[in-house]
Amino acid sequence: MQVMVVEDDAKIAQFLERGLEAEGHAVTVAVSAEDARRWYSALGPQLELVLLDLGLPGEDGIDLLRSLRAGGFAAPIIVVTARDDVRDKVTGLDAGANDYITKPFAFDELLARIRAVRRSAGQPAQTELVVGDLRLDLLTKVAQRGGRQIELAPREWVLLELFMRHPRQVLSRSQILSNVWSYSFEPGSNIVDVYIGYLRRKINLPGVVPLIQTVRGAGYRLLPPSAA
Ligand code: CA
């Protein structure tokens, strides 16, 4: 599932990101309401869950919540905040949150709440990503192209999953870096290009147009085989 964590506290954001990734989710971190809007328009309908802090620099989380709902965003939003006053909870739920959890919280409780809001939203658990003849089985962690199994290292898997969740979309190096490496590398690092190279060698077929295209000055994108 594609999750957006809106959280300005880097430690909490990293805690959520690592925990959710370990559960097999793709996580995008936004550090402000403005950042969240940018990601929201980039991710579009792929975005399946938002975890929203309320105390953000600049625009408050409640205003972001209201504007997401006013803009038609229908996927679950869980408020994750230090504000434990009943009035804040009522305001958050009335503004369109599906649930409200106060810090500090146990990660297991958050996971249970995520399962609960997804059940009530009627979202089936996604078990497979398919782009053309590329398939990722999210449960068994098996990658295939054209029926041939591909062995991927953990980072290569996360990188390919990111591309497959955003087919045709240009992903910048910094978007890829923050999704796959969680800012643990310097922005100037060439780690993204190195791993794109590894991935290309594994998923490309001889004599066929490569699936991951370089978009000069912008980043990379995954084109379905039919479009490549
Ligand atoms: Ca905060």
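Everything below is about the structure shown above.
Here the structure is a predicted model, which means the values were calculated and not measured. In every chain, residue numbers begin from 1 and rise along the written sequence. Where totals are concerned, whole chains, interfaces and linings use all residues; where local detail is concerned, this predicted model gives features only for residues with pLDDT of at least 70, and gives and counts side-chain atom pairs only at 80 or more. To obtain the side-chain values, all non-hydrogen atoms of the structure were used and water was disregarded.

1. So, the packing of aromatic side chains
Stated formally: Between rings of Phe, Tyr and Trp, where Trp is taken as its six-membered ring, a pair exists when centres lie within 6.5 Å; planes separated by under 30 degrees are stacked, by over 60 edge-to-face, and by other angles tilted. In this description a helix means any DSSP run of H or I spanning at least four residues, a strand means any run of E spanning at least two, and both kinds are numbered starting from the N terminus. Each residue gets one of three labels from its accessible area relative to the maximum for its type: buried under 20%, exposed over 50%, partly exposed in between, using a 1.4 Å probe on protein chains only.
Per the counting criterion, the structure on display carries four aromatic pairs. Plain terms: the ring middles of F15 and F107 are 5.6 Å apart, the flat faces sit at 75 degrees to each other, and that makes the pair edge-to-face. On the criterion of sequence distance, the pair formed by F15 in helix α1 (residues 10–22) and F107 in helix α5 (residues 107–121) is long-range, its members being 92 residues apart. Residue classification places F15 among the partly exposed positions, given a relative accessible area of 41%. A connected cluster of aromatic rings, assembled from ring pairs, spans F15, F105 and F107.

2. Quick notes on the pairing of strand β1 (residues 2–6)
As a reminder of what qualifies: Here, a strand pair is defined by DSSP locating no fewer than two bridges between the strands. Note on handedness: a crossover is taken as right-handed if, strands pointing away from the viewer, the path from the first strand over the helix to the second is clockwise.
By the criterion of burial, β1 is predominantly enclosed, with five of the five residues buried. Relative to strand β2 (residues 26–30), β1 runs parallel, the two being bridged by five bridges. In the sheet register, Q2 faces β2, and the bridge partner there is A26. Regarding the hand of the β-α-β motif, the stretch spanning β1, α1 and β2 is right-handed. Sheet analysis places β1 next to strand β3 (residues 47–52), joined by five bridges and oriented parallel. Bridging across to β3, V5 finds its partner in L51.

The values are spatial; any link to function lies outside them.
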